[in-house]
Amino acid sequence: MASNSLFGPIDPATDAGYEAAPPRMGFFTDTSVCIGCKACEVACKEWNLVPDDGFNLLGQSYDNTGGLSANSWRHVAFIEQPARAHTTMPAAPQSNVAAARTDVRTGTEPGIGPAVDALAAAGTAGPEFLGMPMSDLPGRSGDGERTDFRWLMMSNVCKHCTHAGCLDVCPTGSLFRTEFGTVVVQEDICNGCGYCIPACPYGVIDRRQDDGRAWKCTLCYDRLGDGLTPACAKACPTESIQFGELDVLRERADARLATLQEQGETTARLYGEDQGDGVGGDGAFFLLLDEPEVYGLPPDPEVATKYLPDMWKRAGLAALGMVASAVVAFAGRRR
Amino acid sequence: MGSNMAEAHPVGFQWVVEAKLRGAKVIHIDPRFTRTSALAHTFVPVRAGADIAILGGVINYILTNEKDFREYVLAYTNASTLVSEDFRDTEDLDGLFSGYDPETNTYDQSSWAYQGHEEELGGTTHTERETAAGLQQESHGPPIPGDVARDDTLQDPRCVYQVLKRHYARYTPEVVAQICGVPEEKFLEVCEAWTRNSGRERTTALVYSVGWTQHSVGVQYIRTGAIIQLLLGNMGRPGGGVMALRGHASIQGSTDIPTLFNLLPGYLPMPTYDQHETFREWVDSIRHPGQKGFWANAEAYAVSLLKSYFGDAATAENDWGYGWLPRMTGDHGTYQQVMDMIDGKIKGYFLLGQNPAVGSAHGRAQRLGMANLDWLVVRDPYMIESATFWKSGPEIATGEIKTEECRTEVFFMPAASYAEKEGTFTQTQRMLQWREQAVEPPGDARSELWFFFHLGRRIRERLAGSTLPRDEGILKLAWDYPMHGARGDEPDAAEVLKEINGYDLTTGQLLTTFNQMKPDGSTSGGCWIYTGVFADGVNQAARRRPGQEQSWVAPEWGWAWPANRRILYNRASADPDGRPWSERKAYVWWDTENNEWTGHDVPDFEKTKPPSYRPPEDATGVQAISGDDAFIMQGDGKGWLYAPSGLIDGPMPTHYEPAESPARNPLYGQQANPTRKVYDRPDNLTNPSPPERHSEIYPYVFTTSRLTEHHTAGGMSRQLPYLAELQPEMFVEVSPQLAAERGLHHLGWAHVITARTAIEARVLVTDRLVPLRIEDRTIHQIWLPYHWGNEGVVTGDSANDLVGLALDPNVLIQESKVGTCDIQPGRRPIGPALLRYVADYQQRAGLAPDHHTPIVTTSEDGNHGEQ
Amino acid sequence: MSPRGGDRPMVPRAQFRSYYGRPIVRPAPWREDVAAYLFAGGLAAGSALLAAGGQLTGRPAMRRAGRAGAMAGTLASTYFLINDLGRPQRFYHMLRVFKPTSPMSVGTWVLSAFGAAAGAAAVAEAAPMLPRRGTLGLARRVLPPVGSAAGYAAAGLAPALATYTAVLLADTATPSWHVAYPELPFVFAGSALASGAGVGLIAGPETPAKRMAVLGGGLELLGMHQIETGKGVLSEPYHQGRAGRLLRTGRALTLAGMAGAALGGRSRVVSALSGLSLLTASALMRFGIFEAGMHSARDPKYTVLPQRDRLENP
């Protein structure tokens, strides 16, 4: 398993050494039909015995989870976008600061805490401060052709990357590639080194504070083994979360995108479907209605390991430089 | 409309999403932008409590532009029927219909009758209001004679079509904009979409929920929707209809086999002490000898029910035990009971699956009532507020309830949850679905079936040998069910369902249809409309054949009453000659080769009665139903655009302002529903509305509803960390404009004040609420979820504490979807200071304890009823 | 970047969108143990080189100081490394596998090997204190050659130990670490040399230590200059806040240490002060780099802007 490729479109299970691996399985999350019911979050916790995430009103629309964390393996994002024509809104310069301050403990320490939106903090003019979030967030100032208010909802999850940074850097072998092409943490191996956490280009995997180990979505590995659908997809009432063979899902997503674009949803796009992207495509990909960062996703993620050979080369050069320096330092006759 | 389906019915909403994927246009009309609006093509913001105005506008649009489905309207509705000359409209009487009696605030309905039938109806409707008689019409229309005068040209000024047209003539797009705050172009978009998508080839479905029902004119809201759907030919046809989404799992079931004071199973009325002294009086009041329709067989249903209740003890000699049934003496509705509890007239109370301390309107009255009982039994999976009000309710803080003085003895009985017991759910489509027991309930928790069976058994043991007449009924009950389950003491729910289905007592066979029921005591059946659920000895409700393995109507998934019929009145899906209106919308039709009705669903018509059948002159009952009378349960076989009887508050819906409104009714002098049920008491003061003075003290409109993340009063969600964390705190949604006006800050605290109390909540400032222009002023609306109380993992003030009690006259439902309030920044006062704070508001609003809200507000020259 | 309305003052280059300003990538869950670990590892590596040089060129004081520094550095870095694990008792799970794709796995093996060698070399210094006879006497005789071999082995591993930590940081999605991957190994190599030199200078004002100080410090400063100026918006975190203060102080101390080493002549005091200055500087640099990366992860700006730029200007 140590020989896996670092870049490019591959079949990860085969690459990891599985012989006659079953088809790669994954999620296609179609956010255009998400109703924000959060059944996925609850079903996931019920099945995987994930603890609660604290009881904090975040004021991020109806999102009181905040983000993916060790204790939330599905997260439903809510984004309220007034119409472009909407101009009567009192803007709120400090809004994100205010929102951030309410967040006592989201996720797990030292998990994500809302940061200050630099633009918001930079000061936007407005008649009155209401402490509303998102004054500068997606769509609030209008950025498209829309004339109607929009409320975007999106169930986020681990992407199960083709080239998974978390898996690559795990020093214990606790993270492994399954025969379904998914990425899973073995909780009996993980020693909590935490390296996988900054290695994830999506900020998904997280260390649980009281337990010290890394946790994330397993794509219900135990259910997959029994031929069952993962809990979140099973619970999703509108089939926003679709589970299946990745090849089939990609076809379905292409068709869905074409339909939406025909209907005039020009902002619709697929995210994580392209196998040529920086992580070799995601095992869990999405149909989005706005730019990825609006949903808290990186616009062009890359697995850091893509550059690892280069990094070792540079390290080697630096090491040589170090040796050379030492030689120079001690060269010559003693005075 | 009046429904936040995506949030309150997310599982059902999958079908809306499915329809959308197949090309359906979804329109959402609501006071605020919800998760349903997010998925809709068009969102139309409307002022809470103004739905009849916008729907009346749609009717006006249809009639003015002649967009109605004329052939359907002529054949299947009462559009051509002539109305009595004596009838006067609200347009003539400043908001009242003819026959109003200001003494009782009810109507004498004789002038509403069809022409020539004025004498048969009539009399005051006071008793009907007190007993919520409108509920009886869930399965059938009110009585009406079949022989009526018609004008098929629809030109006669007294025909229903013309009466309707005149009634709604003033509901123009401009007036709709003025009353509802809906921009004219949005309104016209709705009208055009609705009418364009209705007719021979297309149908439109209308979905509503408690956002419509919980109003002082709630029943008329639904009537307005029904009128539109009838005019457009959307009833009895696939893809059409008026879909009521119920408030809880199996609420439909608990009206079919009711937990209501005024109904017996199958919508048989509960007898009233003075009107139904004898079995004959009771049965005749249901079946109306001489009328047409299926209701004529009511005696068979009634006798079978009594045979189920009393078994062999029910005989022809003792009128099948009719004498053992309790009788109504007036309003025994839930809110009357609360008042009676406060007044010390009620001693004991059972709560099952209910948490009125949080979930019912006017929480303070609920708690004060419960604190004045001798005993209270609470059955719930969790220790809910209604079981702990005596030690930790809000009135402990204010000093209104003192634990050491509270006389109520509370018995908490742990209850099994839905996964821990077997039985059925009946959902909104009237479909019964069998539910298996997944796990044994923990500890002492037991099912309701267990509880009631063993309670009854023990009571009967205690009463054994009693000769008191009042005990006789209980002792005569057939109270014997086979036991099973892990402990061996659980009554077999399937046996109960069989009892409900009914038996042929001579053979012991289960009945397959209610047509087999007989009035001679040879059949039994606990709920006639459910007969067939155990047809052929098979639990039909337990069928789960996947959709792809059967026809698109999916008749083998569960079982729907009546007779597994999935769409009621589906005779209307074919034209008067029995041919489908269009190939695309073919559903049920007359098979000319085999001479019978056939189609995708079970025809809602006599199988072999041809479309051409016309009844003989003197026919009654089923025989009197004509071959084109699609609405077979109605007395005249027609869908009612105009209701000559059956409604307390008028034959046609009229825009009235809510009982609490910041606006004067722009259409009529009559401000609010003149027949609404009020409880004018010091502990139920109503905020002043125009034309009363001081309405500015409570200047904003509030509405309450649900979040997906919580379950009703929170008993099954605030106790569970996985749900509680998703919406962890009570909050109030306000528009940015209102926030600026009142100095409210996002995530800061605010409190909301009504004449009942003040509650506090965190503020969510959101663009999903928009201020509306109503006439010349801005109306701000605020929204509150009602899930919080003081027990559980997450706690907060209860929105229902704000709501006062003003009820719809037809079914006695409270107006909890709209009221007026004030909102102020910061937290509310605590302890006795809260009472002083609320009293100060009352004083400024001119609400003395003996204050009476005027009911009739017509202008001087307006009339109080017929002159 | 989509165009924005003109209804508010703009901050140039700060135009980006995010989800309520929340981070996109997650900062490492590491406490400052890891920064300390970087320093201690570098110190151990630099000291091992110093010790080997002293050994080779017959400078026993320098050898002893170097071996002690290497030993202390190894012990400290092992402590910091294990202490920062979520499950410290499972430290040995690191030794289940060897994964070239995981710098931490590589580093663990390097540290283990280095630690064994450096430990042996340090223990060998105790030989003169052992009795001359018996088993321990045998050890007294065997230890010095073993120590020499171990010392050279440690020195051979030292460059790997010093530079792998740069890969460790750079092989993450933490924006300001990752973007610095070409320079970071040189910074760490230089910093390790400088801290090794620091140990040497404290031991005495000898020329090799002085040269090492100047070469190491120079390498470090050059590399840091690249990182602090050449990475566009991702250079920002190296200037701002606590990271900026740490790095500025570190740079000043490095310069002071270099100057002291170059110009201090035979003064033992100046030499020792320069050594201390270099050691402190090395520590501050590590803490500063650590902090800058964490900061870049916490603010979504540093994730969104460069990626947007990459998408729009491929």
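Conventions and cut-offs
- Residues numbered from 1 in each chain as written.
- Chains lettered and ligands numbered in written order.
- Predicted model: local features only at pLDDT ≥ 70, side-chain atom pairs only at ≥ 80, totals over all residues.
- Contact = placed C-beta atoms within 7 Å.
- Helix = DSSP H or I, 4+ residues; strand = E, 2+ residues; numbered from the N terminus.
- Nonpolar A, V, L, I, M, F, W, Y, C, P; charged D, E, K, R; others polar.
- Expected span 1.5 Å × (residues − 1).
- Buried ≥ 20, exposed ≤ 12 C-beta atoms within 10 Å, placed from the backbone.
- Axes fitted to C-alpha atoms, helices over the stretch in contact; angles between N-to-C directions.
- Parallel < 35°, antiparallel > 145°, perpendicular 65-115°, else oblique.
- Left-handed = near helix turned anticlockwise from the far one by under 90°.
- Pairing = 2+ DSSP bridges.
- Core = buried A, V, L, I, M, F, W, Y, C linked by C-beta atoms within 7 Å.

Draft legend 1. Local environment of the interface of chain B and chain A. Residue-level contacts link 38 residues of chain B with 35 residues of chain A. Residue assignment for the side of chain B that touches chain A shows that the elements contributing at least two residues are α2 (10–21), α3 (35–39), α23 (721–724), α24 (736–742) and β25 (758–765) of chain B. Top element by residues in the side of chain B that touches chain A is α2(B). It accounts for 5 residues. Looking at the side of chain B that touches chain A residue by residue, the class counts come to 24 nonpolar, 7 polar and 7 charged.

Draft legend 2. Spatial organisation of the arrangement of the chains. In this assembly, 2 pairs of chains are in contact, and the pair contributing the most contacts is chains A and C. Regarding chain B and chain C, the two do not touch, and the least distance separating their C-alpha atoms is 14 Å.

Draft legend 3. Here's a closer look at helix α3 (residues 103–124) of chain C. Taking 1.5 Å as the rise per residue, α3(C) with 22 residues should run 32 Å; its terminal C-alpha atoms sit 31 Å apart, in good agreement. Where burial is concerned, most of α3(C) is hidden: 16 out of the 22 residues are buried.

Draft legend 4. Expanded view of the packing of helix α4 (residues 51–64) of chain B against helix α9 (residues 184–196) of chain B. Residues and elements named next belong to chain B. Closest axis-to-axis distance for the α4/α9 pair is 10 Å, and the angle between their directions is 55°. One element, α4, and the other, α9, form an angle in the oblique class. The element α4 and its partner α9 pack so that their crossing is right-handed. Facing α4, whose interface residues are Ile54, Gly57, Val58, Tyr61 and Ile62, α9 presents Phe187, Val190, Cys191, Trp194 and Thr195. Each residue belonging to the contact of α4 with α9 can be placed in one class, and the counts come to 8 nonpolar, 2 polar and no charged.

Draft legend 5. Local environment of the environment of Leu82(B). Residue and element names in this part refer to chain B. Relative to the elements of secondary structure, Leu82 occurs in the loop between α5 (70–76) and β3 (100–101). Using a count of 20 C-beta atoms within 10 Å as the deciding quantity, one classes Leu82 as buried. Taking the C-alpha atoms as reference points, Leu82 and Asp156, 74 residues apart in sequence, are found 7.8 Å from one another.

Draft legend 6. Broad picture of the sheet that holds strand β11 (residues 409–414) of chain B. Residues and elements named next belong to chain B. A sheet is described by the order of its strands in space; here 3 strands give the open sequence β9-β10-β11, paired in parallel fashion. Bordering the open sheet on either side are β9 (348–352) and β11, each of which pairs with just one other strand. Along the sheet, successive strands turn relative to each other by an average axial angle of 15°, direction set aside. Taken together, the 5 bridges between β9 and strand β10 (residues 375–380) define a ladder with parallel strand orientation. Residue pairing in the sheet places Leu351 in a bridge with Val378 of β10.

Draft legend 7. Just the nonpolar core, in detail. By size, the foremost hydrophobic cluster in this structure holds 426 residues, and its most contacted members are Cys166(A), Cys196(A), Ile54(B), Val752(B), Ala48(C), Ala154(C) and Leu161(C). Not counting residues within four places of it along the chain, the set of residues in contact with Ala154(C) comprises Ala48(C), Ala70(C), Phe114(C), Ala117(C), Ala118(C) and Ala121(C).

Draft legend 8. Just the pairing of strand β30 (residues 819–825) of chain B, in detail. The pairing of strand β22 (residues 700–705) of chain B with β30(B) spans 3 bridges and is antiparallel. Along β30(B), the bridge assignment pairs Val701(B) with Thr820(B).

Draft legend 9. The pairing of β22(B), seen in detail. Residue and element names in this part refer to chain B. Burial analysis of β22 places 6 of its 6 residues in the buried class, which makes it a mostly covered element. Relative to strand β28 (residues 781–785), β22 runs parallel, the two sharing 5 bridges. Looking at β28, one finds that Thr704 is bridged to Leu784.

The values are spatial; any link to function lies outside them.
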